[in-house]
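As a plain string of letters, each chain reads:
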Amino acid sequence: MDIARYKPYAAVSDSSGDFQALYQGNRTGSALERDADVDALDGKLKSGGRYWSSKYMALERHKNLKRLRLLAPRDLADTVAGDFIPLMDAETSDEGEGVAADESLSRTPVVVEESWEDELLRKTREFNKLTRERPHDEKVWLAFAEFQDKVSDMQPQKGARLQTLEKKISILEKASDLNPDNEELLLCLLKAYKRRDSSDVLISRWQKILIQHSGSYNLWREFLHVIQGEFSRFKVSDMRKMYVHAIQAISAACRMHYRQGCQGDKSHSDIAIVQLELGLVDIFLSYCRFEWQVGYQELATALFQAEIEFSLFCPSLLLTEQSKQILFEHFWNSDGARVGEEGALGWSTWLEKEEENRQRVIREEAAHDNEGGWTGWSEPLSKNKENSTSTEMEVESNAAVEEFQEETENEDIKQEEDTEALLKMLGIDVDIGASGEVKDTSTWIRWSEEEKSRDCDQWMPVRAKSEAKASNNGGTPEREAEEHLSRVIMYEDVTEYLFSLGSSEARLSLVLQFVDFFGGKTSQRISTNSSAWSEKLLGLEAFPQSVLQSLRRVHEVLSKTQDSSNSFSLESLLGTTNDIHEKADLMKFLRNATLLCLSAFPRNYLLEEAALVAEELSVVNLNPSRSSATPCRALAKFLLKSDRQDILLCGVYARREAFYGNIDHARRVFDMALSSIEGLPLELRSNAPLLYFWYAEVELANNHGNRSESSFRAMHILSCLGSGVSYSPFKCQPSNLQLLRARQGFKERIRTVQMSWVRGAIDDQSAALISCAALLEELTSGWASGIEVLDQAFAMVLPDRRSHSHQLEFMFNFYMKMLWRHHGQSSLSKCWESILQGLRIYPFSPELYSDLIEVGHFYTTSNKLRWVFDDYCQKKPSVVVWLFALSFEISKGVSQHRIRGLFERALADDKFHNSVVLWRCYIAYEMNMACNPSTSRRIFFRAIHACPWSKKLWLDGFLKLNSTLSAKELSDLQEVMRDKELNLRTDIYEILLQDELVV
């Protein structure tokens, strides 16, 4: 007798199946309720089908059901390949001459009849033995705890599941006692507590653990997520206190590591400090995003300004932390321009200028005192009389001032009474509050529109002294002056969040995340597998540019075969991507800040590119009808005049020229930079591969045929790099001898790169060199040779190191672009297999998911794509996976039930329950596409309960659900927003007065 080999029910390789059944597996809408009675199952369900299919898994709950368990043979080579495994009976197994019984058993699978209860006992004994033998192996403990989840899923009753949860908690508690410093075990234990304990008990447990592990970035991050999502406890002021504790605790841990590093192993300590400081920057960025999302945009901007000044432009003095704070307070309270403001010099330079001015004033006063030999004066006798007279006048003046103040107070009271009378004449009773007056939803719509507009405009902190002058000069009315005063960010508002950064990696991370926060363009500097990338996506309210471009590409591909009237995109649901991307004044601020940061990171091409792009956006937004000239040309030339040896700046500038279609101008800039490389210092010449690679990419992007001039130009550029000859501008197609020398030169240089990559030293220059070698092979020998170069490069690095390198992730995306260019020759199946291989290494990459949909759209069926997404949503869930799965289904125009099931399944996961962008898309989908106001209303209230900090989400209720919410409900929403301490800039009375004035 033979038995069939086990195969997964919904394997990726299969081409048939029920996608809807797979997508209904969520805890809110399960087809088989966990608490249901198993004995009540339908007879057909018991008898039909194979027991391991998803439809019949309920039968596993029968403890007396015996299953066959195969023990794999030791010698796998003797196992017969195929779809069946032969079972040998006892008689045949004993036959055979010269073969011992144990050897026979070692070559054949052993069949054991085992029920679920038997497996439970066996697994428990195995885990107990492993935990005794390896008590400090966290993987064993985590596997034991994960097995309890499997046991819980098989329990038919809620009480039994709770009992299993208690066992899981006891296992993790024992594991944490044996491994008290293991953060992974602590996090798993706290997540188990969350399923059992109330919020108060859970938070108290968190606090006890954080006291013992105050320097753990991972624990603080998870704790902040927990308390931020507790609707009943959430208040902005409470969250600020928690962020203060987190930032100060991690900052103290950094200082402690620094002191230990000075006394012990410095190399090991440096790595720990860098990682800890990077985590500190991520916590700080999370706090700035929190302040922006609750409506305090000015505070978020000021926090960035203060921290960049404090960390990047600190005076080069030996200061204690306290002295540094005192000195910085003097700078913050002065008239000195801060980062991003016009004329900003940086804290250190400003202090030097102040000291120079002070010394100059002292010298001028000393020189003035020495003129004429003055020796002082003596007060005349009449001075006493004058003093007495002045004292009397002062008393009279004080009396006059007091009288004036009383008159002013009486006048203010009278004005208030007149204002109240006026409001009553307008039909507004201030005694009963705004909620009792607003009976029309249109008033709340106008209020929310005005509030949204002010949120977009009021993001820059106001300087206290400038506002005082404006108020004294009658520049603003009294009410406007009060509003502006609330936008003044004092030193006391930022001092508790300031910290020093010692590593250049952390300081650069701070600047790059600042640029990204305000909508600037920066190249991807972290792998999509990093926790910082996942945290960023979880905290966003709209699509980031990197994800948005990939989503647009997906929609364009799918919409070509869809009816245009029924084709929607995920982007269209939110209306706009992010308001800050379209503001000229904000782009000016970003440009100024980036240029100033270049003084701390000279010749950093990432910041130079960010500055040029910010300049483009500011110019284009101010003057959309501008000519075709590159908007950043003037700034680029200015920067090049100040540093003519910055060849990467030349490359960045040339790429911007090519982006605007000025290919001839871009070529002149590239040729100038490459021709000057030989005369540069060695450390600057090492950047040459990046410049050659950018130039070749620009030419290939301008390629309009297999053998066009651009192809020959690219071959010439790459052959100069490979052969090592001095660069000369293109004149003719390179000869075969030149190409041969270039290919041989690339091979020799790659051998050198291989030695450094084996040690883990992977940088942008070496990645660019290998990409250039692959491009040359593609152009001369064909795509297969180019792919082979890249495959050999990937083989140099261990899989774990490959998955955490952003350079190698960039190279894999480059690999996929090369394959796609030649998919006609390489076949779509090759592209499909490569994408699946890439997703196993980079499962959170937006580019790979867009490639997956694009290739799958032509290569395979929609159902197969759905199975792939379902597999990754189960095994490697992330916001990116859910967004692309949703984008695919929405663009395909499938049933509302299926899309709604996807949303519910994503938001049911604890990891993504607080994702604002998913909630906003869900609400917009129900309103705009499903046209289901009642469902939208229910989803909206669930959303604000899960994400109470997102002011944009609250305003969606006013702007999108005003037809389903009454005026009283909208008024109550505003009151809850005030109770949660969200920043509301518009008074409802302003809208009511506008109505009356119009009448």
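Residues numbered from 1 in each chain as written. Predicted model: local features only at pLDDT ≥ 70, side-chain atom pairs only at ≥ 80, totals over all residues. Heavy atoms only, no water.

(A) Seen up close, the overall build of the protein. In terms of helices and strands, the protein carries 48 helices and four strands. Sorting the 999 residues of the protein into buried and exposed places 47% on the buried side. In the protein, once contacts between residues fewer than 6 apart in sequence are set aside, the share between residues at least 24 apart is 69%. (Helix = DSSP H or I, 4+ residues; strand = E, 2+ residues; numbered from the N terminus. Buried < 20%, exposed > 50% of the residue type's maximum accessible area, 1.4 Å probe, protein only. Contact = heavy atoms within 4.5 Å.)

(B) Focus on the packing of helix H21 (residues 504–517) against helix H25 (residues 584–597). Look at H21 against H25: their axes get within 11 Å of each other, and the N-to-C directions meet at 165°. By the angle class used here, H21 and H25 are roughly antiparallel. Crossing of H21 over H25 shows left-handed handedness. Counting all contacts with H21, which are made through Val511, Phe514 and Val515, the residues of H25 involved are Phe589, Leu590, Ala593, Thr594 and Cys597. Looking at the contact of H21 with H25 residue by residue, the classes come out as seven nonpolar, one polar and no charged. (Axes fitted to C-alpha atoms, helices over the stretch in contact; angles between N-to-C directions. Parallel < 35°, antiparallel > 145°, perpendicular 65-115°, else oblique. Left-handed = near helix turned anticlockwise from the far one by under 90°. Nonpolar A, V, L, I, M, F, W, Y, C, P; charged D, E, K, R; others polar.)

(C) Looking closely at helix H10 (residues 217–228). Look at H10: 16 Å from first C-alpha to last across 12 residues, which is about the 16 Å you get at 1.5 Å a residue. Taken across its 12 residues, H10 has 10 buried, putting it largely inside the fold. Among the residues of H10, those classed as buried are Tyr217, Leu219, Trp220, Arg221, Glu222, Phe223, Leu224, Val226, Ile227 and Gln228. Regarding H10, its N-cap is serine 216, as a side-chain oxygen of that residue lies 3.2 Å from the backbone nitrogen of leucine 219 further along. (Expected span 1.5 Å × (residues − 1). Polar contact = N/O pair within 3.5 Å; in protein donor to acceptor, adjacent residues only side chain to side chain.)

(D) Region of interest: the confidence of the model for the protein. Averaged over every residue, the pLDDT of the protein is 81; residues scoring 70 or more account for 76%. For the protein, helix H1 (residues 19–22) is the element with the lowest average pLDDT, namely 34, and helix H13 (residues 297–312) is the one with the highest, namely 96. (pLDDT = per-residue confidence, 0-100.)

(E) Unusual backbone geometry, seen in detail. At arginine 603, a position not held by glycine, the phi torsion is positive, near 60°. Assignment of secondary structure puts arginine 603 in the loop between H25 and helix H26 (605–622). Despite not being glycine, serine 827 has its phi angle at roughly 80°, a positive value. On the secondary structure map, serine 827 appears in the loop between helix H38 (823–826) and helix H39 (828–841). Classification of serine 827 by relative accessible area gives partly exposed; the value is 30%.

(F) Representation of the packing of helix H27 (residues 633–642) against helix H28 (residues 647–659) within the structure. Where H27 contacts H28, the axes come no closer than 10 Å and their chain directions differ by 165°. Here H28 runs roughly antiparallel to H27, going by the angle between their axes. Remark: the crossing between H27 and H28 carries left-handed chirality. Seen from H27, the contacting residues are Arg633, Ala636, Lys637, Leu639 and Leu640; seen from H28, they are Leu649, Cys650, Tyr653 and Glu657.

(G) Just a positive patch on the surface, in detail. Side chains of Lys191, Lys194, Lys876 and Lys911 sit close together on the surface and give a patch of like positive charge. Residue position: lysine 876 is located in the loop between helix H41 (862–875) and helix H42 (879–892). With relative accessibility at 40%, the residue lysine 876 sits in the partly exposed group. (Patch = residues over 30% accessible without salt bridge, like charges linked within 9 Å, V, L, I, M, F, W, Y side chains within 5 Å. Areas by Shrake-Rupley, 256 points an atom, 1.4 Å probe, with all protein chains shown as cover. Salt bridge = Lys/Arg side-chain N within 4 Å of Asp/Glu carboxyl O. Lys, Arg positive; Asp, Glu negative; His and termini not counted. Charge placed at Lys NZ, Arg CZ, Asp CG, Glu CD.)

(H) Structural detail: the environment of proline 180. Position of proline 180 relative to the elements: it lies in the loop between helix H7 (158–178) and helix H8 (183–196). When its relative accessible area of 43% is taken as the criterion, proline 180 is described as partly exposed. With residues up to four places along the chain from it excluded, the contact list for proline 180 reads Leu186 and His213.

(I) Region of the structure containing the side chain of serine 936. Tracing the backbone through its elements, the reader meets serine 936 in helix H45 (residues 933–946). When neighbours within four sequence positions are excluded, serine 936 is seen to be in contact with Ile923, Glu926, Met927 and Leu961.

(J) Just the pattern of salt bridges, in detail. Applying the stated criterion to the full structure yields 46 salt bridges. Lysine 536 serves as the salt-bridge partner of aspartate 516, at 3.1 Å between the closest nitrogen and oxygen. One end of the pair, aspartate 516, is in helix H21; the other, lysine 536, is in helix H22 (residues 531–539), with 20 residues separating them in the sequence. Residue aspartate 516 is classed as partly exposed on the basis of its relative accessible area of 30%. Residue glutamate 699 is joined to arginine 667 by a salt bridge in which the shortest nitrogen-to-oxygen separation is 2.8 Å. Within this pair, whereas glutamate 699 is found in helix H31 (residues 688–701), its partner arginine 667 is found in helix H29 (residues 663–675), the two being separated by 32 residues in sequence. As far as burial versus exposure is concerned, glutamate 699 and arginine 667 are alike and both buried.

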